[in-house]
Every structure is written in C-alpha cells, then in structure tokens.
Amino acid sequence: MMFKVFYQEVADEPPVRERTKTFFIEAESEREVRAKIREYGYNIEYIQPINDVFLEFEKQSENFKVVE
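Reading guide: rules and limits
Residues numbered from 1 in each chain as written. Predicted model: local features only at pLDDT ≥ 70, side-chain atom pairs only at ≥ 80, totals over all residues. Heavy atoms only, no water. Helix = DSSP H or I, 4+ residues; strand = E, 2+ residues; numbered from the N terminus. Salt bridge = Lys/Arg side-chain N within 4 Å of Asp/Glu carboxyl O. Buried < 20%, exposed > 50% of the residue type's maximum accessible area, 1.4 Å probe, protein only.

(A) Geometry of the environment of Asn 63. Turning to its location among the elements, Asn 63 is positioned in the loop between α2 (52–59) and β4 (66–67). For the pair Asn 63 and Ser 29, spaced 34 residues apart in sequence, the C-alpha to C-alpha distance is 23 Å.

Printed below as a string of structure tokens:
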C-alpha cells in the first residue's frame, strides 16, 4: 500500500503550513511508515493512505517522489 506523508523538516519548531512538504512511501501500515522514517527526525503532520486513482493523479505532479 502507498502512503502520502505530510511533514515539516525541523521537528523542534512549530508547524507552519507554508513549510509543509510531502513524500510517498510504500508500507503495510501507518505504524510501518513511522518505523521506516523515524531516523529522519521529521515532524510528521499526517500520514494518508492512497488508493490507486489518487496515486495516478499524484504521479502527474512534478513534486512526486517515493522514499525507499
């Protein structure tokens, strides 16, 4: 399953909407997503499961990137 992760790069600052970034990651659950990205030290705002139709739409964006 694919997930879209909304995050701030600096975990110790208050979140600011204009600084929110996103990436996509494959995992079986939200818990697995959090385990995979724990080492980055991001301030995770939201993790959204993505269905096939939405994924195809997102792939058309120039900002689409999948994290391994």
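Still more ground to cover, so stick around.
(B) Structural view of the pattern of salt bridges. All chains considered together, the criterion is met by six salt bridges. For the salt bridge of Lys 36 with Glu 32, the shortest nitrogen-to-oxygen distance reads 3.5 Å. Here the residue Lys 36 and the residue Glu 32 both occupy positions in helix α1 (residues 30–37), the gap between them amounting to four residues, near one helical turn. As a salt-bridge pair, Glu 56 and Lys 59 come within 3.6 Å of each other at their nearest N and O atoms. Placement of the pair is Glu 56 and Lys 59 together in helix α2, with a separation of three residues, close to one helical turn. Under the relative-accessibility criterion, Glu 56 is labelled partly exposed at 45%.

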